[in-house]
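Observations on the three-dimensional arrangement
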Amino acid sequence: MPKCEIDGKTDILSLTLPELEQELEALGEKRFRAKQIFDWLHVKRVSGFDKMSNLSAQLRDKLQSVFCINSLFIVKRLASHTDNTLKYLYRLYDGNHIESVVMEYNHGNSLCVSTQVGCKMGCSFCASTIAGFKRNLMPSEILLQLYEAERDSGRKIGSIVLMGIGEPLDNYDNVLGFFNIVSSPEGTNMSLRHISLSTCGLVPKIRELAKLKLGVTLSVSLHASNNDVRSGIMPVNNRFDIYELVSACKDYFAETGRRISFEYAVICGVNDTRACAEELSVLLRGLMCHINLIPVNKIAERDYSSTRDSVRRFQKYLTDLGMNATIRRTLGADINAACGQLRREYEI
Ligand code: SAH
């Protein structure tokens, strides 16, 4: 994989431990130094080479001349008054902005991270896509959302969802780099079973990911029960249709043993009828899955809406059909915690 660079220097936080070992060897240094440096970066999480006190001043200078330690700057931090949700707006080294959200559940804190600046996928209900796509995040920038949120909030994050701005499978290599680093026993050592990746349905990448058997939970943004409705709100459905998508999900389950989670934003008059529920039950028959119903979040550009009643009614249709469907708890409603909304306010 090509190295990530910032102003001509290698982005050291984006390197996996084996990659860092190779880099150190290429600089004529001993391999074990890589572990020490990795520990400073990913366990002690220091922001400068000058803090790496078990390295010689000479080596620290050398590192400084070859590598850069990336950082995020907190532009805004919003705390919900109704639950303990925290939302961060970060500025990246090049002036772009991304968002992360810390959510508190009974089982611990979960962090929702962004994977791209903007998004190419064009889902009609989503705020992240409206201003278009700027660039992929580097592994360091996905990791730093975790490090900054833990540092600033003082809370330990137990799980991560790749459900913020961007399409993670459209930034596949960097997301895999992030998985490798965050799960490294020499670093944060988070089990990949505590990570969920949410996708709009890039079928070939779902199949590639399945083969790696990483233990990651796959969340699929389905939002419709047939091709007509789905293509009407999600352009990606014209590339990979709903049947190809469900077939890839079946194979993901067969390959990994991990139950699929389907996201379904209930939109009044678009996808919330009993007929939709019946179609969905046929579509997903035989697949070990769970359906997460989300009341669609209003965005300024569209008049999509959902009511509490319409979501409950749709849930009842599904459960009556024997399906496993829950309504997602809305967290951080008072701080506009849904993805992409804060960045948009800020960038306009
Ligand atoms: N690109 C990935 C992850 C980012 S979007 C994906 O599509 O899954 C995270 C989730 O929020 C997706 O399920 C997406 O469909 C949903 N979402 C986006 N805008 C929404 C809105 N206005 N209301 C409800 N859910 C929304």
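Residues numbered from 1 in each chain as written. Predicted model: local features only at pLDDT ≥ 70, side-chain atom pairs only at ≥ 80, totals over all residues. Heavy atoms only, no water.

Brief notes about the nonpolar core
What counts here: By nonpolar core is meant a set of buried Ala, Val, Leu, Ile, Met, Phe, Trp, Tyr and Cys residues that side-chain atoms within 4.5 Å join together. We call a residue buried when its accessible area falls under 20% of the maximum for its residue type, exposed when it is over 50%, and partly exposed in between, using a 1.4 Å probe and counting protein chains only. Residue ranges assigned to each domain were obtained from an automatic or database domain assignment. Residue contacts follow a heavy-atom distance rule, with two residues in contact if any of their heavy atoms lie within 4.5 Å.
Formed by 100 residues in total, the largest nonpolar core has its most connected members in I160, F262, L284, I291 and F314. There are two domains that each give this core at least three residues, and those are domain 1 (5-68) and domain 2 (73-347). Aside from chain neighbours lying at most four places away, what touches I160 is L111, V113, L146, F178, V182, M190, H194, I195 and S196. The next biggest cluster of nonpolar side chains, apart from the first, holds five residues, and it includes V101, M103, C112 and L331.

Quick notes on the sheet that holds strand 3 (residues 67-68)
Put simply, the rule is: Note on pairing: two strands pair once DSSP finds at least 2 bridges between them. Secondary structure elements follow DSSP: runs of H or I no shorter than four residues count as helices, runs of E no shorter than two count as strands, and numbering proceeds from the N terminus.
Strand order in the open sheet made by the three strands is 1-2-3, with mixed pairing throughout. In this open sheet, the two strands that pair with only one neighbour each are strand 1 (5-6) and strand 3. Note that strand 2 (residues 9-11) and strand 3 share two bridges and pair parallel. Counted as the bridge partner of T10 is F67 from strand 3.

Describing the pairing of strand 10 (residues 157-162)
Going by this rule: A clockwise path from the first strand over the helix to the second, with the strands pointing away from the viewer, defines a right-handed crossover.
Here strand 10 lies mainly inside the structure; five of its six residues are buried. Taken together, the four bridges between strand 7 (residues 108-112) and strand 10 define a ladder with parallel strand orientation. Within strand 10, the residue paired with S110 across the bridge is S159. When strand 10 meets strand 11 (residues 195-199), the two strands line up parallel, connected through three bridges. Bridged to V161 within strand 11 is S196. Each parallel crossover has a hand, and for strand 10 linked through helix 5 (residues 172-182) to strand 11 it is right-handed.

Section: the domain arrangement of the chain
Quick reminder of the rule: Buried area is understood as the total, over both parts, of accessible area removed when two parts are fitted together, assessed with a 1.4 Å probe. Any Lys or Arg side-chain nitrogen located within 4 Å of an Asp or Glu carboxyl oxygen qualifies as a salt bridge. Think of a polar contact as two N or O atoms within 3.5 Å of one another; within protein, one of them needs to be a possible hydrogen donor and the other a possible acceptor, and neighboring residues in sequence only count if both atoms come from side chains.
According to the domain assignment, the chain contains domain 1 (5-68) and domain 2 (73-347). Computed from C-alpha coordinates alone, the two centres of domain 1 and domain 2 are separated by 33 Å. Residue-level contacts link 15 residues of domain 1 with 16 residues of domain 2. Of the roughly 1,200 Å² buried at the junction of domain 1 and domain 2 (both faces included), carbon and sulfur atoms supply 64%. Counting every contact that joins domain 1 to domain 2 gives one salt bridge. Taken together, the links from domain 1 to domain 2 amount to five residue pairs in polar contact (both at pLDDT 80 or more). Mapped by element, the contributors of at least two residues to the side of domain 1 that touches domain 2 are strand 1 and helix 2 (32-42).

Examining the packing of aromatic side chains
Our working definition: Aromatic rings from Phe, Tyr and Trp, taking only the six-membered ring of Trp, are treated as a pair when their centres fall within 6.5 Å; an angle between ring planes under 30 degrees marks them as stacked, one over 60 as edge-to-face, and anything in between as tilted. The rule for a charge over a ring is simple: NZ of Lys or CZ of Arg within 6 Å of the ring centre, and within 35 degrees of the ring normal.
The tally for this structure, following the rule as stated, stands at four aromatic pairs. Relative to Y90, the ring of Y88 lies with its centre 5.6 Å away and its plane at 10°, an arrangement referred to as stacked. Note on accessibility: Y88 and Y90 belong to one class, buried. Residues F314 and Y317 carry aromatic rings whose centres are separated by 6.3 Å and whose planes lie at 80° to one another, so their mutual orientation is edge-to-face. With F314 and Y317 both in helix 10 (residues 308-320) and three residues apart, this pair spans about one turn of that helix. Taken together, the ring pairs in this structure connect Y264, F314 and Y317 into an aromatic cluster. A cation over an aromatic ring shows up here: K120 above the ring of F133, its NZ or CZ 4.6 Å from the ring centre. Above the plane of the ring of Y172 lies K205, whose end atom (NZ or CZ) is 4.6 Å from the centre.

Topic: the environment of F133
Along the chain, F133 falls in strand 9 (residues 133-136). Here F133 falls in the partly exposed class, since its relative accessible area comes to 30%. Between the C-alpha atom of F133 and that of Q116, which follows or precedes it by 17 residues, the distance is 7.9 Å.

Quick look at the site of the ligand
As a reminder of what qualifies: Consider each residue's heavy atoms; a residue with any of them within 4 Å of a molecule or strand counts as near. To measure how exposed things are, a 1.4 Å probe is used in the Shrake-Rupley method; for residues, cover is taken only from the protein chains shown. All amino acids are sorted into three groups, where Ala, Val, Leu, Ile, Met, Phe, Trp, Tyr, Cys and Pro are nonpolar, Asp, Glu, Lys and Arg are charged, and the leftover types, Gly among them, are polar.
Taken together, the neighbourhood of the ligand is formed by 16 residues, with F125, S198, S221, H223 and N297 sitting nearest. G166 is positioned such that a nitrogen or oxygen atom in its backbone is 3.0 Å from a nitrogen atom of the ligand. Here an oxygen atom of the ligand and a side-chain polar atom of H223 are 2.5 Å apart. With the chains in place, 93% of the 530 Å² that the ligand exposes on its own is no longer accessible. Those elements giving two or more residues to the shell around the ligand turn out to be strand 11 and strand 13 (260-266). Partitioned by chemical class, the residues of the shell around the ligand number seven nonpolar, seven polar and two charged.

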